Amino acid sequence: MLKTKVAVHVISPGILPDDAIMLGDAYLRQWKIPQGQPVTLKFGALRQYVKVVPVERFDGMRIGQSLARKMGLLQNTTLRIRYRAEDAVLALGPLIGVLISRDDPEHRERPFGSITMFCKELVDACAAQGAHVYFFTPLHLKGNFNTVEGWTYSNEGWRKAFMPSPDVVNNRLTSRKLENRPNVQAFIQEVKTRHNSTVFNEKFLDKPEVFEALAKDPSLVKYLPESHVLKTFPMLKTMCARYHTVFLKPVRGSLGKGIIRITRLEGDSYSAQYATVGGTRRHYFSSLLKLYGSISGKMKTVRYQIQQGLQLIDIMGRPVDFRALVQKNETGKWVLTSIVARTAGSHHFVSNLARGGTLSTVREAVGRSNLSGANSHDAPGKLQRAAIDIAHGIDAFIPAHFGELGIDLALDTHGRVWLLEVNSKPSKNDNTPLQDQKIRPSVRNMVRYARHLAEF
């Protein structure tokens, strides 16, 4: 069995020249690494010719401080190792870079705000699996992108260091504005073409883009409520005639912000309910034209998707939906990592935790809901199948690379599964499985997928 992990020791200056590394002789024999002639040491975008010096009865690698600095390694670490004889490349890694929205160097304990815990979990998961991770923001992207200034974690806590561009980039940017910055787009293109890096979750998804893409697969149409981009009054009139309730959702919205529920009342009057942080605000209109007049001003700055209203299950009148987290695993296949039920808070019709929603297991929520017994038994299985089917559809019909997706699903009172939306930047707080573990399964899975992409 080939050893695929090696303990890398950084040794005192003056013992090793810059162009040499020491490696346990068992590794040289197993990987047939030539002695005394240069091989290319690869770590992310770093390429350096080195001679490999065998060491008897030693189960590790020693590198000098100058080389360690180029690699951005601040202390001893354990990495995966791979040797390819055809091009004499000795690769260490994978080196993972996580692109995040912002950092705060003044707060060394929590430099990344609410996602600092997630970042530390990722450091720990990498240490366990022989990978190395750093975190960087759009403000760090300058120069030729061979190196990136980023945050790493060592015995002394969070520190900044210059790192080689990574093998794998996980795009965790939380705003389109940041993602569309010229330096961010240039970096993504450059590392993909010049360094053969892989970038996953490389873009945001708009609601109409998702629904139009999935509608191309006949087997997925059953999950899709009727949806259109709202452009005109006749479109609103047609949908309101067809359905007792419709939803207007900002095309680029998240966390339930800006959703409007329109309900047809007696005598051709209508009510519009607006989701606000404090609760639901309700207005009444004597005609649909007056209602349209009230939102047409908003439509100049916000594009809305109009969606068929569904008779969803509820618990004591509080709507329930489900957030599935699907991720690609160590073989690149979509798997379900977690699925939780979210019940809306009192006075809310959206279930987000930011608006007082509560989490529970799927079985618990379905068991307490108004879904009839026959339909409730196989609900968890149907939700899981739908999440995986939808992830495959996104891969097939949207030309971008995704490694994890948050998929919001719902059940109607007949037990049918419906898609609400797909999020390509799932929150690292909202979808936490209901268990207290040091490293979340979702974090472990991200490292496994990065290893698969970088072939470690």
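Quick caveat, the model's predicted, so the values are computed rather than measured.

A few words now on the packing of aromatic side chains. In this structure the tally under the stated criterion is 10 aromatic pairs. With a centroid separation of 5.7 Å and an interplanar angle of 40°, the aromatic rings of Y134 and F136 are classed as tilted. When the centroid spacing of 5.5 Å and the interplanar angle of 70° are considered together, the rings of F136 and F187 count as edge-to-face. Here F187 lies in helix α5 (residues 182–194) and F136 lies in strand β9 (residues 132–136), a separation of 51 residues in the sequence. The buried category is assigned to F187, whose relative accessible area is 0%. Just above the ring of F204 sits the side chain of K425; from NZ or CZ to the centre is 4.1 Å.

Our next topic: helix α6 (residues 207–214). Since there are 3.6 residues in each turn of an α-helix, residues three or four apart along the chain are aligned in direction. Among the eight residues in α6, six count as buried, and that is most of the element. For α6, the set of buried residues is K207, P208, V210, F211, A213 and L214. Against β14 (227–230), β15 (245–250), β19 (304–308), α11 (379–397) and β25 (417–423) lie the buried residues of α6.

Our focus in this paragraph is the pattern of salt bridges. All told, the structure shown has 23 salt bridges when counted by the stated rule. Linking R84 and E86 is a salt bridge whose minimum nitrogen-to-oxygen distance equals 3.9 Å. Judged by its relative accessible area of 32%, R84 falls in the partly exposed class. The residue R252 makes a salt bridge to D206 at a minimum N-O spacing of 3.3 Å. Remark: D206 occurs in the loop between β13 (198–200) and α6 and R252 occurs in the loop between β15 and β16 (260–264); sequence separation between them is 46 residues. Note on R252: relative accessible area 53%, which makes it exposed. D206 gets classed as buried once you look at its relative accessible area, which sits at 13%. Overlapping salt bridges, with partners in common, bring together D321, R323, R342 and D408 in one network.

Reading the values: rules and limits
Along each chain, residues carry numbers from 1 onward, in the same order as the chain's sequence is written. At least 70 in pLDDT is required for a residue's local features to be given in this predicted model, at least 80 for side-chain atom pairs to be given and counted, and no such filter applies to totals for whole chains, interfaces and linings, which use all residues. Values shown for side chains rest on all heavy atoms present in the structure; no hydrogens or waters enter the calculation. Only Phe, Tyr and Trp rings take part, Trp by its six-membered ring, and two of them pair if their centres are within 6.5 Å. Stacked means planes under 30 degrees apart, edge-to-face means over 60, and tilted covers everything else. Helix numbers and strand numbers start at the N terminus; a helix is a DSSP run of H or I with at least 4 residues, a strand a run of E with at least 2. Burial classes follow relative accessibility: with a 1.4 Å probe on protein chains only, a residue under 20% of its type's maximum area counts as buried, one over 50% as exposed, and anything between as partly exposed. Over a ring means this: the NZ of a Lys or the CZ of an Arg is within 6 Å of the ring centre and within 35 degrees of the ring normal. The contact rule is simple, with two residues in contact once any of their heavy atoms fall within 4.5 Å. Salt bridge, as used here, is a side-chain nitrogen of Lys or Arg placed within 4 Å of a carboxyl oxygen of Asp or Glu.

Everything listed here is a matter of geometry and, on its own, says nothing about what the molecule does.
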